[in-house]
Amino acid sequence: AGATFFKYNDDYAPAFQLAYNPSLSLTKASSDFSISIGTQLSGGYHFEADDKDTAFIYADFPLLVEFNFGHNASKDFYNDYGWFFGGGYTYHLMKEEWNYGAVATIGLRSFIFGFFFTLRYSRYFATQQNDASLHTVTLLLNLGRYFDQVKLNNKLLRILQNKPFL
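Parameters and conventions
Along each chain, numbering runs from 1 in the same order as the chain's sequence is written. With the structure being a predicted model, the display of local features is reserved for residues of pLDDT at least 70 and the display and counting of side-chain atom pairs for 80 or more, all residues being used for whole-chain, interface and lining totals. Hydrogen atoms and water are omitted, and side-chain values are computed over all heavy atoms in the structure. Two kinds of site are reported from a 1 Å grid over the protein atoms alone, namely cavities, where a 1.4 Å probe fits but cannot get out, and pockets, open sets with protein on both sides within 12 Å along at least five of seven lines, and residues are called lining when an atom falls within 4 Å of a point. Grid points are joined across faces, edges and corners, and a volume is the space filled by probe spheres set on the points. Counting from the N terminus, the helices are DSSP H or I runs at least four residues long and the strands are E runs at least two residues long. Relative accessibility under 20% of the residue-type maximum defines a buried residue, over 50% an exposed one, and the middle range a partly exposed one, all with a 1.4 Å probe and only protein chains included. Whether two strands pair comes down to DSSP finding at least two bridges between them.

## Some remarks on empty space enclosed by the protein
Here's step 1: Per the counting criterion, the structure on display carries one cavity of 30 Å³ or more.
Here's step 2: The space that makes up the largest cavity amounts to roughly 110 Å³.
Here's step 3: Forming the boundary of the largest cavity are 15 residues, of which Asp60, Pro62, Val103, Ser122 and Thr136 lie nearest the centre.
Here's step 4: Secondary-structure elements contributing two or more residues to the lining of the largest cavity are strand 6 (56-70), strand 9 (115-124) and strand 10 (134-142).
Here's step 5: Considering each element in turn, the lining of the largest cavity owes the most residues, four residues, to strand 6.

Here it is in C-alpha cells:
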C-alpha cells in the first residue's frame, strides 16, 4: 500500500494505492548484489479534497532496472538490511489521461517483527505540459515461502560466526 503525491493548487495531494512488485534477477554471481528487471504495478484512487478538486482513478505501469544490495539482493541473501536504486520508463493513468516518461526509484528492505518489508520511493519526471511530476511512497509486504528458509539460514550463519540474532 502507498500513496502517490501530485501537485495540486500549490500543495501536494495524495492518490492512495495498492501495489504489486514482481521482479526477475538478471545476475546470480553474488548473494549480496544483483541487477533485476521488474515493475511496480499500482492502482489507486484520489478522493476529492475540496469543491475545486475531483476524484479520479490512478494506475501506474513502470518497467524498471534495479541494482540491489544486501537484503533480498538474491534468494540466497544473508543480510538483515538492504537497499536498491534504479530507473526506467512508466505509463500512468491520472485524471482520465495517460502519460508516460522516465521514473527513478530508491528503497530499503528489511525484516521487521518477523515480516519482510520494502519501503520504496519513486519519482516520475513529467515531460508533457499537461502532465504532473509525481512522488510515490510505498510500503510493501513481501511474500514468499523461501523467506522462512532464509531466516533460518541467517540464524545458523550467525551461530557459526558467533553473532547475535533476532
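Having seen the structure, we can now continue with the description.
## Some words on unusual backbone geometry
Here's step 1: Even without glycine at this site, lysine 95 takes up a positive phi of about 55 degrees.
Here's step 2: Note on placement: lysine 95 falls in the loop between strand 7 (81-94) and strand 8 (97-112).
Here's step 3: Its identity is not glycine, yet glutamate 96 carries a phi of approximately 60 degrees, on the positive side.
Here's step 4: Residue placement: glutamate 96 occurs in the loop between strand 7 and strand 8.
Here's step 5: Classification of glutamate 96 by relative accessible area gives exposed; the value is 77%.

## A look at the pairing of strand 9
Here's step 1: Residues Phe116, Thr118, Arg120, Ser122 and Tyr124 line the buried face of strand 9, whereas the alternating positions Phe115, Phe117, Leu119, Tyr121 and Arg123 sit on a face that is not buried.
Here's step 2: As paired elements, strand 8 and strand 9 share ten bridges and run antiparallel to each other. The residue bridging arginine 109 from the neighbouring strand is threonine 118, located in strand 9.
Here's step 3: Hairpin connection from strand 8 to strand 9: two residues lie between these consecutive antiparallel strands, with phenylalanine 113 at a positive phi of about 55 degrees.
Here's step 4: Pairing of strand 9 with strand 10 involves nine bridges; the strand directions are antiparallel. Residue pairing across strands places arginine 120 opposite threonine 138, the latter belonging to strand 10.

Purely geometric stuff here, so don't read any function into it on its own.
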